[in-house]
Amino acid sequence: MFDYFVGFLVVLLFISFYYLLGSAVLKNQDSFSKSIIFGYIVFSFFTAIFLIPIQLLHLSWNLANIFVISLCLLSVAFIVFRIKNKQISFSLVFFKQLIKNNYFLFIISILLIGIYLLQFDLIWINNHLDDGYYLVKIATLPYLEEPFSTSYSSGIVTHSVQFDSYLLSSYELEQSIYVSWFHIDPVIYCRIFLNYFNYFLVANTVCLFAQTILGGMRSLKKQHFQYFSIILIFFSFEYLVLQRTGLFVVQDSWQFNSAMWYGSSIGRMMGLMWILILFANISKITIKEIILAFAVSIVLISKSAVSLPIIFVGGLSFLLVFFLTGNKINRLIGVILFVLIVLLGLILPDSEVRNSLIINNFLKNKYSIVLIGSIVLLAWALFKFKKEKTLVRSILVLLISTLIILVPEINDSFEFISQYDFVACRFQTTLFYTIVITGFILFLVFIKINLPKLYNLMIPVSLGLALIGSVLTTVPIYGNPVNTIKIMLDNPNIMPQSTVQLSKELNKLPGEVNVLCPDWINVDNHRHSLAVMLRTYAPNVKVISALPRFSVPEGNRYANFKQDQQNVFTHFVSNPNYLNFEMLQTIIKDYKINCLVFPTDCFESYSLNSGFKFYTKSGPYYLYLKV
């Protein structure tokens, strides 16, 4: 419970810090959400421009820690300076109004965490094993001799000659620093409190986005904007149910359900909205806008390099809309820019696979009442509010973005920038999310204009239906939600307690420890990916069984350990006999294994002939060490 108490205080500290920093930068407190978002972007920018070079140059973690401490102290000094100069002020009336206008943002973030915990199968399989990189990296970075040359799930130093694009993301490094400062359990921090903060961040982004595009509509009071974040509950519907029903189909939608704490989730959920919030209402492009665009680009890349298509397509779409809707000279510039895009498409190679994936994802949503309905509402607003410049620009940016990724030849530059098929599809996810968010905002505006008596009723009705749907969609996949809650209560680390205990037991072992263990195990009648998470609390061991998922480059002594080698261990566990034992002995010898972890006592009768001795039993696991 201590970790939960610390986590609660950390989240309050983050929210307060970013709010105060944003207010200090903006010199006003007109919008809570605006202060939060701007504070977060400003701090992330200065963090990124120092932490990214530290990673690229393979410098020490301690240097990064010293810099973040210094940056925090400077930020606090700046905030104090603004307060002393009365550019930030507080009063009881102010706090009452702040709570009234923003309380729902806190509530919806709590609801999203609750729904996340109901989808525990994703947690048990560690987000399709991706946590073996992201979470284990956050947990172990402070303890590694070579923190930026290590394969985190296995603990093996790689020294790859190829450029590692992950070094452009400083997000996990920054989070590892906070985990170190507050001595909080890294799993609880990431899966509960960092998850909550990022949900809170996206809720504030939706609120500020609504304030931005609806700024000219005086019929909406300040306190109304927070309720637009209700749409986020829909995104938390169980992703397999959404896919099977065709209600809403996007690439990796499970990441909103279970991995909002990822750095990539920040770009995917908020990237386009941030671009529109910052630039949709500008009247001209000056050096200030160019610097701001550069800063936001750095921030998005620092969260995840897969944000590059968001920056490219979002920025390009905005420039086309900005120039084509401007004066005569601007329209000429817009035409020239469009011609250049077409020419670039003719020069760059076409990716038929990428193009086909994008088209198929559109077709999968052809009966989606959510996406199609949102598009209809965007079209309605385009004509209904044609004098609302910011709203019209935002809708046109979404339209142009769709054309840039969909139209052959024009989309070649997008396909080239994406590099990988999944990156291209993830931008499409960002686009779809932003369209649906905009559609929901316009849906409530439509109700406000045409059915004003129903407007106040629509807020609780929308929330109630979304919550019911989010819970019911988990039942076909995960079963009774009450049973799920019991499992979560029995595993307060938000990871099987047996895995936590085993990892901590391994951390006690001296010297170089090379572990061979099950890659998958059954816990609470659900599959759990054990191997990739074992180093969470044991940063000094090497887990060889994690290599089939997170391989090391050719030339490394462990490069040939693939799934076939891991299967030798699996076959022995499932069918212990002399032939399988001899094959296992070969693996042990070839990869210098000196620690074996078995889910049963299947190895006891073979241990004397193997050079291993029983060490201890940790939960259901039997540990043997090389004599």
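These notes cover the structure that comes with them. For clarity, every value in this text was computed on a predicted model and none was experimentally measured.

## Description of helix H8 (residues 186-213)
Here H8 contains 28 residues, and its C-alpha end-to-end distance of 38 Å stays within 8% of the 40 Å for a straight helix at 1.5 Å per residue. The largest bend in H8 is about 30°, located at Leu194. Across the 28 residues that make up H8, a large majority, 27, are buried. You can read the cap of H8 off the contacts: a side-chain oxygen lies 2.9 Å from the backbone nitrogen of Val187, and it is on Asp185.

## Points about the side chain of Ser374
Looking at where Ser374 falls in the secondary structure, it is placed in helix H17 (residues 369-384). We classify Ser374 as buried; its relative accessible area is 5%. At 2.7 Å, the side chain of Ser374 forms a polar contact with the backbone oxygen of Val370. Contact partners of Ser374, with chain neighbours within four places excluded, come to Ile369, Ile435, Val436 and Gly439.

## So, empty space enclosed by the protein
Per the stated rule, a full pass over the model turns up two cavities of 30 Å³ or more. If you add up the space inside the largest cavity, you get close to 70 Å³. In terms of residue count, helix H7 (residues 171-182) provides more of the lining of the largest cavity than any other element does, four residues in total. For the lining of the largest cavity, a count of residues per class yields seven nonpolar, three polar and two charged. Residue lining of the second largest cavity: Ser264, Gly267, Arg268, Val306, Ser307, Ile310, Val423, Arg426, Phe427 and Thr430, and that is the complete set. Among the secondary structure elements, those contributing two or more residues to the lining of the second largest cavity are helix H12 (263-279) and helix H20 (421-450). The biggest single contributor to the lining of the second largest cavity is H20, with four residues.

## A word on the packing of helix H25 (residues 563-574) against helix H26 (residues 578-590)
Closest axis-to-axis distance for the H25/H26 pair is 9 Å, and the angle between their directions is 145°. The handedness of the crossing between H25 and H26 comes out as left-handed. Together, Gln565, Val568, Phe569, His571 and Phe572 of H25 and Asn580, Phe581, Met583, Leu584 and Ile587 of H26 make up the contact between the two elements.

## Here we look at the environment of Gly114
The topology assignment puts Gly114 in helix H4 (residues 92-118). Between the alpha carbons of Gly114 and Ser605 there is a distance of 46 Å; along the sequence they are 491 residues apart.

## Details of the layout of surface pockets
Each pocket or cavity is described by its volume, and for the largest pocket that value is around 1,600 Å³. Lining the largest pocket are 49 residues, with Tyr133, Phe163, Asp164, Ser165 and Tyr166 sitting closest to its centre. For the lining of the largest pocket, the secondary structure elements donating two or more residues are helix H6 (131-140), strand S1 (150-151), H12, helix H13 (287-303), helix H14 (308-324), helix H19 (412-418) and H20. Sort the elements by how many residues they give to the lining of the largest pocket and H6 lands first, with four residues. Class assignment for the residues of the lining of the largest pocket results in 23 nonpolar, 19 polar and seven charged. Quantified by volume, the second largest pocket comes out at close to 990 Å³. The wall of the second largest pocket is formed by 36 residues, among which Asn28, Lys34, Phe38, Leu208 and Ile277 lie closest to the centre. With seven residues, helix H2 (residues 32-56) is the largest single contributor of residues to the lining of the second largest pocket.

Cut-offs applied
- Residues numbered from 1 in each chain as written.
- Predicted model: local features only at pLDDT ≥ 70, side-chain atom pairs only at ≥ 80, totals over all residues.
- Heavy atoms only, no water.
- Helix = DSSP H or I, 4+ residues; strand = E, 2+ residues; numbered from the N terminus.
- Expected span 1.5 Å × (residues − 1).
- Bend = angle between axes of the 7 residues up to and from the residue.
- Buried < 20%, exposed > 50% of the residue type's maximum accessible area, 1.4 Å probe, protein only.
- Polar contact = N/O pair within 3.5 Å; in protein donor to acceptor, adjacent residues only side chain to side chain.
- Contact = heavy atoms within 4.5 Å.
- 1 Å grid on protein atoms, 1.4 Å probe; cavity = no way out; pocket = protein on both sides within 12 Å on 5 of 7 lines; lining within 4 Å.
- Points joined across faces, edges and corners; volume = space filled by probe spheres on them.
- Nonpolar A, V, L, I, M, F, W, Y, C, P; charged D, E, K, R; others polar.
- Axes fitted to C-alpha atoms, helices over the stretch in contact; angles between N-to-C directions.
- Left-handed = near helix turned anticlockwise from the far one by under 90°.

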